[in-house]
Amino acid sequence: MSLETAPAGSKSEQAYAWIRERILAHEYQPGFRLVLQTIADALDISVVPVREAIRRLEAEGLVSFERNVGARVALIDESEYVHTMQTLGLVEGLATALSSPLLHPADLDRASAVNERMHALLDDFDPHEFTRLNQEFHSVLYEPCPNPHVLDLVHRGWGRLAGIRDSTFAFVPGRATHSVDEHVEILDLIRDGADPLDIELAARRHRWRTMDAFIAARHGGEHPGS
């Protein structure tokens, strides 16, 4: 029996359960766009009960609405994401600054090459591959950190981040262009032998701008550089 022939009043509930199951199973990843008509066609119902189901999921925090885009699978725990990004900005910025005197020209060339690959993705955007390359870029810059405790905190932060979201750039693809440009700025600071504090602050601001762009997009606001 299709949902269309199910008893009246049950279609929204069944659509809710169907979508929610796929979100919790990560079949619909964070950032995945929920197209009402596509879901309705899959369930053989109209879009009305699907819309009702998505509104219910939004109230639970599993779905968010983005202006001019529509419904997307939301980050499961926004506060955890913010806390993780704030902390990662601090420790990764410090690790990058401590690493900077130990980075060789070959290391910076490698990071630059990764950033070029990220730039090449902008025209045919793949948020998951972009995120993978983003982590590779930053790891080149922070892995030589001579303080093992700071480096451990960076690794923990990235691990925690991977556990609470698939890709921030799936929510805010417009942030990707700014991110690539900021990578160039960080590399230039390191190549020029800038004060470690300037490098630390640039890396920290870079991380926090991504966080701010995500929060602004999630709540329908605007943020510089988002």
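Residue positions are given per chain, counted from 1 along the sequence in the order it is written. Totals for whole chains, interfaces and linings use all residues, but because this is a predicted model, local features are given only for residues with pLDDT of at least 70 and pairs of side-chain atoms are given and counted only at 80 or more. Processing note: side-chain calculations cover all non-hydrogen atoms of the structure and skip hydrogens and water entirely.

Break down the overall build of the chain for me, with residues and values.
Check the secondary structure of the chain and you find 10 helices and 2 strands. In sequence order, the secondary structure elements of the chain are arranged as α-α-α-β-β-α-α-α-α-α-α-α. Principal-axis analysis of the C-alpha atoms gives the chain an extent of 70 × 35 × 30 Å. Accessibility here uses a 1.4 Å probe with only protein chains present; expressed as a share of the type maximum, an area under 20% marks a residue as buried, one over 50% as exposed, and anything in between as partly exposed. Per-residue burial over the chain gives 46% buried out of 226 residues. In this description, contact between two residues means that some pair of their heavy atoms is separated by no more than 4.5 Å. When contacts within the chain are restricted to residue pairs at least 6 apart in sequence, those whose partners lie at least 24 apart make up 73%. Using a 1.4 Å probe, the Shrake-Rupley method yields the accessible areas, and only the shown protein chains count as cover for residues. Carbon and sulfur atoms make up 52% of the accessible area of the chain, which amounts to about 11,200 Å² in all. For this count, His and the chain ends are skipped, Lys and Arg are scored as positive, and Asp and Glu as negative. In this description, the location of a charge corresponds to atom NZ of lysine, CZ of arginine, CG of aspartate or CD of glutamate. Counting 22 positive and 35 negative side-chain charges, the chain places the centres of these two groups 4 Å from one another. Helix and strand definitions follow DSSP, with helices as H or I runs of at least four residues and strands as E runs of at least two, each counted in order from the N terminus.

Before we move on, could you go through the packing of aromatic side chains and cite the residues and values that matter?
Two descriptors summarise a pair of aromatic rings, namely the distance from one centre to the other and the angle between the planes of the rings. Two rings from Phe, Tyr or Trp (for Trp, the six-membered ring) form a pair when their centres sit within 6.5 Å of each other. Planes less than 30 degrees apart are called stacked, planes more than 60 degrees apart edge-to-face, and all others tilted. Counted by the stated rule, this structure contains 5 aromatic pairs. With a centroid separation of 6.4 Å and 70° between ring planes, the pair formed by W18 and Y28 is classed as edge-to-face. Of this pair, W18 sits in helix 1 (residues 11-24) while Y28 sits in the loop between helix 1 and helix 2 (36-43), and the two are 10 residues apart along the sequence. By relative accessible area, Y28 is classed as buried at 11%.

Residues and numbers for helix 2, please.
Note that an α-helix has 3.6 residues per turn; residues three or four places apart therefore point the same way. Three or more residues of helix 2 are buried, namely I39, A40 and L43. Projected down its long axis, helix 2 carries its buried residues within an arc of 100°, all on one side. For helix 2, exposure combined with an orientation more than 90 degrees from the buried face picks out T38, D41 and A42. Buried residues along helix 2 sit against helix 1 and helix 3 (47-59). Backbone geometry just downstream of helix 2 places D44 in the positive-phi region, at approximately 60°. Directions from the helix axis toward the C-beta atoms define the arc.

Outline the environment of R207, listing residues and values.
With respect to the secondary-structure elements, R207 resides in helix 10 (residues 196-218). Between the C-alpha atom of R207 and that of L34, which follows or precedes it by 173 residues, the distance is 28 Å. In this view, R207 contacts M85, L88, G89, E92, N134, H138 and W158; residues no more than four positions away in its chain are not counted.

Break down the pattern of salt bridges for me, with residues and values.
Should a side-chain nitrogen of Lys or Arg be within 4 Å of a carboxyl oxygen of Asp or Glu, the pair is scored as a salt bridge. Summed over all chains, the structure comprises 11 salt bridges. The partner of E200 in a salt bridge is R204, and the shortest N-O contact between them spans 3.2 Å. With E200 and R204 both in helix 10, this residue pair falls 4 residues apart, about one helical turn. Via salt bridges that share partners, E129, R132 and E136 belong to a single interconnected network.

Break down the pairing of strand 2 (residues 70-73) for me, with residues and values.
Inspection of the sheet shows strand 1 (residues 63-66) paired to strand 2 by 4 bridges, in the antiparallel sense. What sits directly across from S64, in strand 2, is R72. In this structure, the hairpin formed by strand 1 and strand 2 is closed by a connection of 3 residues, where N68 is found at a positive phi of approximately 70°. For two strands to count as paired, DSSP must find a minimum of two bridges between them.

Please set out the environment of A25 residue by residue, giving values where relevant.
Tracing the chain through its elements places A25 in the loop between helix 1 and helix 2. The sequence separation of A25 and H178 amounts to 153 residues, and the corresponding C-alpha distance is 32 Å.

How would you summarise the nonpolar core if you had to cite specific residues and measurements?
As used in this record, nonpolar core signifies buried Ala, Val, Leu, Ile, Met, Phe, Trp, Tyr and Cys residues forming a set joined through side-chain atoms within 4.5 Å. In this structure, F130, F137, L141 and I190 are the most contacted members of the largest nonpolar core, which totals 20 residues. Residue contacts for I190: discarding those within four places in its chain leaves T96, S100, L103, L108, L141 and I199. In this structure, I19, A40, A53 and I54 belong to the second largest nonpolar core, which totals 18 residues.

Explain the packing of helix 1 against helix 3 to me, using residue names and the numbers behind them.
In this analysis, axes come from line fits to C-alpha atoms, helices being fitted only over the stretch in contact, and the angle between any two N-to-C directions falls in the range 0 to 180 degrees. Look at helix 1 against helix 3: their axes get within 8 Å of each other, and the N-to-C directions meet at 55°. What the angle tells us is that helix 1 and helix 3 run oblique. Viewed along their axes, helix 1 and helix 3 form a crossing whose handedness is right-handed. Note on element contacts: helix 3 touches helix 1 through P49, V50, E52, A53, I54, R56 and L57, opposite K11, S12, E13, A15, Y16, I19, R20 and I23. Taken together, the residues of the contact of helix 1 with helix 3 break down into 9 nonpolar, 1 polar and 5 charged. What sets the label is the angle itself: under 35 degrees gives roughly parallel, over 145 gives roughly antiparallel, 65 to 115 gives roughly perpendicular, and the rest give oblique. Put simply, a crossing is left-handed when the front helix is turned counterclockwise from the back one by less than a right angle, and right-handed when it is turned clockwise. Each residue is assigned to one of three groups, with Ala, Val, Leu, Ile, Met, Phe, Trp, Tyr, Cys and Pro labelled nonpolar, Asp, Glu, Lys and Arg labelled charged, and all others, Gly among them, labelled polar.

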